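Listed here are the chains, written in short residue letters.
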There are 2 protein chains.
Amino acid sequence: MEEKIPYKTYLSENEIPKQWYNVRADMKNKPAPLLNPGTLKPMTLEELTPVFCEELCRQELDNDTPFFDIPQEIQDFYKMYRPAPLVRAYFLEKALGTPAKIYYKFEGNNTSGSHKLNSAIAQAYYAKKQGLKGVTTETGAGQWGTALSMACSYFGLDCQVYMVKCSYEQKPFRREVMRTYGAKVTPSPSNTTAVGRKILEEFPGTTGSLGCAISEAVEAAVTQPGYRYVLGSVLNQVLLHQTVIGLEAKAALDKIGVEPDIIIGCAGGGSNLGGLISPFVGQKLRGEADYQIIAVEPASCPSFTRGKYAYDFCDTGMICPLAKMYTLGSHFMPSPSHAGGLRYHGMSSILSQLYHDGYIEARAVEQTSVFAAAEMFARVEGTLPAPESSHAIRAAIDEALKCKETGEEKTILFGLTGTGYFDLKAYESFNDGTMTDIIPTDEQIADSLSRLPKVE
Amino acid sequence: MEEKIPYKTYLSENEIPKQWYNVRADMKNKPAPLLNPGTLKPMTLEELTPVFCEELCRQELDNDTPFFDIPQEIQDFYKMYRPAPLVRAYFLEKALGTPAKIYYKFEGNNTSGSHKLNSAIAQAYYAKKQGLKGVTTETGAGQWGTALSMACSYFGLDCQVYMVKCSYEQKPFRREVMRTYGAKVTPSPSNTTAVGRKILEEFPGTTGSLGCAISEAVEAAVTQPGYRYVLGSVLNQVLLHQTVIGLEAKAALDKIGVEPDIIIGCAGGGSNLGGLISPFVGQKLRGEADYQIIAVEPASCPSFTRGKYAYDFCDTGMICPLAKMYTLGSHFMPSPSHAGGLRYHGMSSILSQLYHDGYIEARAVEQTSVFAAAEMFARVEGTLPAPESSHAIRAAIDEALKCKETGEEKTILFGLTGTGYFDLKAYESFNDGTMTDIIPTDEQIADSLSRLPKVE
């Protein structure tokens, strides 16, 4: 094996980024603003602050400032689990017999098991700084909820998590991790909120969705004094915090003198993908470099590849602001047999605009092929990957196999967002051979899209 | 916070140890030899090789060679998840308000979730080199079985794991990880072996024990051509491989110019403790340095603190060689309500001799206090620790609190052997307040010890 480049490249602690990068500052076409669902006018700071922490609202609305200082308290916390390694996938390359050089940025070496902690600690910090008592949120697979529990525990904040019911049932251990960090976890939809009760009435027996859990968490935030709502993906502020992934990856690549040709990330709401690619897209936007950037989404929930670029509700209860994004409609629910995560119906406005403008491409992959890639990766690279991350692995393997055919020595970078230690139910169905691929029909998607809000 | 010393110290890849250190070479009183249970004579190489891989038998019997080269293939694999970080527990120190300086060597950043991989890959390598078809083993909490599955998958070996029944039932997800790596997992006692059937007959409804699972795995190894038995702890060879922990820890401490006063490790069979302390004990044995070394064991399974130093069977079925060790008797079974791991009835012969000669001390801790320490550690240091590792955390916190009283600025090093992501059932009972401390009575221990084999 080629030994010049180490298996793992770690930055030193003082090389961890001290600023987040705001890719919006370099976008000619800015992402469309959030709209007030009543007036259909862009949301103002005053309209956002009853729901979100004030400083986070400023970050949300700022399309111009290129860099934001990372507060010292957050830098300290980052040192607990960062820098995250950049790994040269020598073992995978060898197993594939590819001339491609594969790297991955691994964000799973922390108890939340994923990159979500990068934004959770930032959001908890600003909530604490504002003097709040606690925060509410939703979680799907549980990674975000775990990350937020850890962050809130660190700052002594109350943490209330609405967990999508099918995940709550499939992943009882996730609940216990959150409880160990002091969080209160409620399966969603629940009868603790008006919107939850309404959804239960309309769809009894529903297994829940992220959109629905968001509605409940928002309601819980605005009805309790001293609480705000926080969100683990989709929003501009989240992508901003997650740029620590891309900035670290780029610094590590620079350190070993490597330039990627292809950059691959899985895409649900877009937090990991946006964070990973931002510095690279920034170069593209400024005309300094070119990269092939691939967003990988599940064929069961294909917002980029089969959704519509339009204003939509971020939540099922339709109480949140409208966002312009590639969406399957806020009523879209992926099949309960879909075990691969990335279940959100829409996609970050920033990424949607970048996709619309041709800076990134997208592809959808089916879950059995995703788990086959996951299993192969686990066996040769040693880490059992999260199903979400395995979408990126699938695409990275596919690209490396193309190189094997053509003989090209491309350099591939992908984001390994987390570990699959709490996703063993899904692995079990793959191991048992009972996993299926359920892809929504055109009619299903058309029906869901027919309910999009009417916005000029 | 004191910033001179980083939160995490990583060696570079070329600083990973290239040799294991054999502490026996420096022991004046060598550990007592394994005895043939029939003849009560020391086991010879010829008697051991039908059960164990040949090269591993040589390592087992070698009390003189101070260093063993780590084969290149194992060094390559080590790079997959090593070097493991040495962490300065700044957050824990702050939360305790102690003048003590606390460091831990973290071995959990791999999918097996623990240090067990260090020996698993070595044992799988020697099995492959010998041309074997596969290996059999037992696993308790599942860490060893997972580690061995990963190692066997890497070398294309068949892997058969007998898993202690109560763990098998409490930890279904552990089984799925092993299956994902291609292993076959059987709950023990089972009716797939003669010894399993005998134990089931004698103790119907037993929840199993490590000693019993060992018997089954040994029987499975010797009755299948091309198979050998491998063990994750207790044996000299295992402690040898695990010295990579202590050697790395020592190299990292040297790098930052730190000398520990107290070294703490949890002790079940002794693999982690032996691996961590070997280089330090070596200095003590050679009169080059002095350290306070503390073995921490569960009050539910107190082999050092309440056991007898005597020859005993390593397994319940009494088919393995006899080992001289601190033991509770091979029929001792810790209460099923004991959730903290470290359930083995005996202790490594090397560590037993060192303890007997006063080079290390031991203490037993109750599991509710262990989980309280685990919860505190998780909340301030971010990592959810394995229950096993949390025994060491408990003692480290206790020592740091003593320093707070006395004002002493002692430097404490402990081994954080792994993560608790598959131990959430145990955390659940702690979170629910239903966890209890069950300590064996003197009569129970006396009864079990009365069945020790008669050896002069």
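The numbering scheme is per chain: residues are counted from 1 as the chain's sequence reads. Chains carry letters and ligands carry numbers; both start at the beginning, A for chains and 1 for ligands, and go up in the order they are written. Residues qualify for local features only when their pLDDT is at least 70, as the model is predicted, and side-chain atom pairs are given and counted only at 80 or more; totals for whole chains, interfaces and linings, by contrast, use all residues. The side-chain figures draw on all heavy atoms in the structure; neither hydrogens nor water molecules are used.

Novice: Mind showing me how you'd approach the relation of the copies chain B and chain A here?
Specialist: Here the two chain copies are tied together by a rotation about an axis and a shift along that axis. The transform that puts chain B on chain A rotates by 180° and translates by 0.0 Å along the axis, for an RMSD of 0.0 Å. Taken together, the turn and the small shift mark the pair as related by a two-fold rotation axis. In terms of C-alpha distance to the rotation axis, chain B has B:Asn109 as its closest residue, with the C-alpha 3.2 Å off the axis. Comparing interface residues between copies, 100% of those in chain B also lie at the interface in chain A; the contact surface is shared. Least-squares superposition aligns the copies on the C-alpha atoms of those residues with pLDDT at or above 70 in both. Only heavy atoms matter for contacts: two residues are in contact if any of them lie within 4.5 Å across the pair.

Novice: Whenever I open this one, the environment of B:Pro99 confuses me. Can you help?
Specialist: Residue and element names in this part refer to chain B. Mapped onto the secondary structure, Pro-99 falls in the loop between α4 (90–96) and β5 (101–106). Spatially, the C-alpha atoms of Pro-99 and Glu-409 are 5.0 Å apart, while their sequence positions differ by 310 residues. Aside from chain neighbours lying at most four places away, what touches Pro-99 is Cys-403, Lys-404, Gly-407, Glu-408 and Glu-409. Helix and strand assignments come from DSSP, with helices taken as H or I runs of at least 4 residues and strands as E runs of at least 2, each series counted from the N terminus.

Novice: What should I look at first to understand the sheet that holds strand β8 (residues 184–188) of chain A in this one?
Specialist: Within a beta sheet, neighbouring strands are joined by backbone hydrogen bonds and run either parallel or antiparallel to one another. All names here are of chain A. Taken together, the 4 strands give an open sheet; going across it, the order is β8-β7-β6-β9, and neighbouring strands pair in parallel fashion. Of all strands in the sheet, those with a lone pairing partner are β8 and β9 (227–229), marking the two edges. In this sheet, neighbouring strand axes are inclined to one another by 25° on average, regardless of whether the strands run parallel or antiparallel. Two strands qualify as a pair provided that DSSP identifies no fewer than 2 bridges between them. Two elements, strand β6 (residues 134–139) and β9, share 3 bridges in a ladder whose sense is parallel. Residue pairing in the sheet places Thr-136 in a bridge with Tyr-229 of β9. Structural elements are reduced to axes, namely lines fitted to C-alpha atoms, with helices fitted over the stretch in contact, and the angle between N-to-C directions of any two is expressed from 0 to 180 degrees.

Novice: Whenever I open this one, the interface of chain B and chain A confuses me. Can you help?
Specialist: Interface extent is often summarised as the accessible area lost during association of the parts. Contact with chain B, which involves 45 residues of that partner, is made by 45 residues of chain A. Note on terms: buried area is the combined drop in 1.4 Å-probe accessible area of two parts once they are placed together, counting the loss on both. In total, about 4,100 Å² of surface goes out of reach between chain B and chain A, with carbon and sulfur atoms giving 55% of it. Considering only the surface of chain B that becomes buried against chain A, B:Phe173, B:Thr180 and B:Tyr421 emerge as the three largest contributors, covering 17% of it. Definition used for salt bridges: Asp or Glu carboxyl oxygen within 4 Å of a side-chain nitrogen of Lys or Arg. Taken together, the connections running from chain B to chain A amount to 4 salt bridges. Polar contact criterion, stated in full: a pair of N or O atoms within 3.5 Å, where within protein one must be able to donate a hydrogen and the other to accept it, and residues adjacent in sequence count only if both atoms are side-chain atoms. The tally of links from chain B across to chain A stands at 27 residue pairs in polar contact (both at pLDDT 80 or more). Breaking the side of chain B that touches chain A down by element, the ones donating at least two residues are α3 (72–81), α6 (143–155), α8 (172–180), α15 (367–381) and α17 (424–431) of chain B.

Novice: What is the right way to read the pairing of β6(A) from this model?
Specialist: Residue and element names in this part refer to chain A. Per-residue accessibility, obtained with a 1.4 Å probe over protein chains only, is compared with the maximum for each type, and a residue is labelled buried under 20%, exposed over 50%, and partly exposed between these values. Most of β6 is tucked away, with 6 of its 6 residues classed as buried. Neither face of β6 is left uncovered, since the one carrying Gly-134, Thr-136 and Glu-138 and the one carrying Val-135, Thr-137 and Thr-139 both have all their residues buried. For β6 and strand β7 (residues 158–164), the ladder comprises 6 bridges, and the chain directions are parallel. Directly across from Glu-138, in β7, lies its bridge partner Tyr-162. Place the viewer so that the strands point away; then a crossover is right-handed whenever the path from the first strand over the helix to the second strand goes clockwise. Crossover handedness for the path β6 to helix α6 (residues 143–155) to β7: right-handed.

Novice: For this particular structure, what's the right way to read the nonpolar core?
Specialist: Most often, soluble globular proteins keep nonpolar side chains buried together rather than apart. Nonpolar cores were defined as sets of buried Ala, Val, Leu, Ile, Met, Phe, Trp, Tyr and Cys residues, with membership established by side-chain atoms within 4.5 Å. The biggest cluster of nonpolar side chains holds 237 residues, and the ones touching the most others in it are A:Trp20, A:Ile264, A:Phe414, B:Trp20, B:Ile264 and B:Phe414. Among all residues touching B:Ile264, those that are not within four sequence positions of it are B:Leu276, B:Ile294, B:Val296, B:Ala392, B:Ala395, B:Ala396, B:Glu399, B:Ile412, B:Leu413, B:Phe414 and B:Gly415. The next biggest cluster of nonpolar side chains, apart from the first, holds 27 residues, and it includes B:Ala217, B:Val218, B:Leu235 and B:Met325.

Novice: Where do I start with the packing of aromatic side chains in this structure?
Specialist: Geometry of an aromatic ring pair is reported as the spacing of the ring centres plus the angle between the planes. Ring pairs are drawn from Phe, Tyr and Trp, using the six-membered ring of Trp, whenever the two centres fall within 6.5 Å, and their geometry is named by plane angle: stacked under 30 degrees, edge-to-face over 60, tilted for the rest. Per the counting criterion, the structure on display carries 47 aromatic pairs over all chains. An angle of 75° between the planes, with centres 6.2 Å apart, marks the rings of A:Phe377 and A:Phe414 as edge-to-face. A residue pair is termed long-range when its members are at least 10 positions apart, and A:Phe377 in helix α15 (residues 367–381) and A:Phe414 in strand β15 (residues 411–416) qualify at 37 residues. Residue class for A:Phe377 comes out buried when judged on its relative accessible area of 0%. Relative accessible area serves as the criterion here: at 0%, A:Phe414 is assigned to the buried category. Relative to B:Tyr229, the ring of B:Phe52 has its centre 5.7 Å away and its plane inclined at 50°; by these criteria the two rings are tilted. Taken together, the positions of B:Phe52 in the loop between α1 (45–48) and α2 (54–61) and B:Tyr229 in strand β9 (residues 227–229) put the pair 177 residues apart, joining distant regions of the chain.

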